[in-house]
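# Survey of secondary and tertiary structure
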Amino acid sequence: VTELETRLAGLRDEIVFPETPSLEVPAPAASRRRSRRRSLGLALAVVVAVSTAVLAASPGARSALRDLLGIGGVTAIRVDALPEPGAPPGYLPGRPVSLPVAQEAVTFRIRVPAAGPAPRAVLLDERPSGGAVSFVWSSEPTAIQLTQFEGTENVRFAEKLLGGGTRVERFRLDGREAVWIEGAPHVVRFLDRSGTLHESESRVAGNVLLWRDGEVTLRLEGRLTRDEAVGLARAIR
Amino acid sequence: VASRPPEEHPTIEAARRGDRDACARLVRAHEEIAFRTAYLITRNAADAEDAAQEGFVKAFRALGRFRAGSPFRPWLLTIVANEARNRVRASGRRDALALRAGNEALSGDAAPSPERETVARAERTALLDAVDGLPDDQRLAVACRFFLELTENETAAVLGVRPGTVKSRVSRALDRLREEVER
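Report follows, based on the coordinates. (Residues numbered from 1 in each chain as written. Chains lettered and ligands numbered in written order. Predicted model: local features only at pLDDT ≥ 70, side-chain atom pairs only at ≥ 80, totals over all residues. Heavy atoms only, no water.)

## Quick notes on the overall build of chain B
- Broken down by element type, chain B carries eight helices and zero strands.
- Traced from its N-terminal end to its C-terminal end, chain B shows the element sequence α-α-α-α-α-α-α-α.
- Here chain B, with 183 residues, has 46% of them falling under the buried criterion.
- Sequence separation of 24 or more characterises 65% of the internal contacts of chain B that already satisfy a separation of 6 or more.
- As displayed, chain B has an accessible area near 8800 Å², and 49% of this comes from carbon and sulfur atoms. (Helix = DSSP H or I, 4+ residues; strand = E, 2+ residues; numbered from the N terminus. Buried < 20%, exposed > 50% of the residue type's maximum accessible area, 1.4 Å probe, protein only. Contact = heavy atoms within 4.5 Å. Areas by Shrake-Rupley, 256 points an atom, 1.4 Å probe, with all protein chains shown as cover.)

## Regarding the pairing of strand E6 (residues 145–150) of chain A
Residue and element names in this part refer to chain A.
- Where burial is concerned, most of E6 is hidden: five out of the six residues are buried.
- Of the strand pairs in this sheet, strand E5 (residues 132–136) and E6 are connected by five bridges, and their pairing is antiparallel. Note that in E6 the partner of Val133 across the bridge is Gln148.
- Sheet analysis places E6 next to strand E13 (residues 216–221), joined by six bridges and oriented antiparallel. The residue of E13 that forms the bridge with Gln148 is Leu218. (Pairing = 2+ DSSP bridges.)

## Digging into the pairing of E13 of chain A
Residues and elements named next belong to chain A.
- Among the six residues in E13, six count as buried, and that is most of the element.
- Here E13 shows no split at all, with Val216, Leu218 and Leu220 on one side and Thr217, Arg219 and Glu221 on the other all buried.
- Examined bridge by bridge, strand E12 (residues 208–213) and E13 share six bridges and lie antiparallel to one another. Looking at the pairing, Leu209 lines up with Leu220 of E13.
- Remark: two residues form the turn of the hairpin made by E12 and E13, two consecutive strands paired antiparallel; Gly214 in that turn has positive phi of roughly 60°.

## Overview of the pattern of salt bridges
Residues and elements named next belong to chain A.
- Inspection of every chain in the model, using the stated rule, returns 25 salt bridges over all chains.
- Between Asp13 and Arg12 there is a salt bridge whose closest N-O contact spans 3.2 Å.
- According to the relative accessible area criterion, Asp13 is partly exposed, its value standing at 40%.
- Given a relative accessible area of 27%, Arg12 falls into the partly exposed group.
- Two residues, Glu126 and Arg95, come together in a salt bridge whose shortest N-O distance is 2.8 Å. Of this pair, Glu126 sits in the loop between strand E4 (121–125) and E5 while Arg95 sits in strand E3 (residues 95–97), and the two are 31 residues apart along the sequence.
- Residue Arg95 is classed as partly exposed on the basis of its relative accessible area, which comes to 42%.
- Salt bridges linked by common partners bring Arg111, Arg176, Asp213 and Glu215 together as one network. (Salt bridge = Lys/Arg side-chain N within 4 Å of Asp/Glu carboxyl O.)

Here it is in structure tokens:
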């Protein structure tokens, strides 16, 4: 260490920094509250949990937060630019199993469609807390698929990154919380139970209906209109 | 303050699970370094507070993506520094770094004579002015390393560059300062 460096280090105790303000303690990802002052700016990446949907936000922040939301273990996040997806469209994490095996492995009761054709495959993903099960009706990437998992505001399963052309609507589906996402494709990314994001499994998604049934969050994706999706969702119990 | 001790990891894990006390502990432990880092970039207390606050909001929101076991501070400072940089362009006024008033100077051995103290003070002021006169990238590197005592890696996180770049910037800055103050 040279003399100059010693002198520089010696300045440290003499520099007058403004007094450190006592900062607000933001809630972690799951149940959040906005900090005071200013909107979030352009690069928004907001996580909002449904159970704490009443946002204690400053007036400035409220407009920025309005169309961002989460449901169960899924959060919808508005971003400036969509990331490059790491997986092809239609990708779903999990290995093919039989329905009884899947039921044995997960912590919740698997909801099944009351009518219609049987799913072509059942995929079990044991990485998320409680497990996740997907039904796939065809091997086409745009085919209808249903994923369900135990999702609460504390257990995050996936993130949806939305660009400007994607619309989000929150509504009640027979009294249950629901979210309809449509328009420009968005990117979905999956998280495991430690909260680690698996970028390599991120992929582009089309229209999606998300809803909550008790402790389970369900996600229906495919080339569907809102009415078609709602109609299918009603039959899944 | 050296880099965080390993006992912080349980706190981070708890915060990740939504434990508010753990979140509060993290904020209290890092708010000063976050604020000062932001201040060195914005040179404006209100903007620095804003940047530090938003930095924590964003960091906590992204906790799920934080790699378990890695140090929290450089990660937080990366986010805070980005927030601070975004605010520099928007604001006009910038404070210069200033030294404490003379009689509050370091307690030392025997009190120096008034003349010696005056000379020493003039030298310190000249050195600080010289730091302030450095090109932006060098000034921030020097300030992080010497005034905030950040490690090379932490400084690299703040500057958004590789640690090797920090080393070379600091080295160039020291050469320049030597010329300035030893003239």
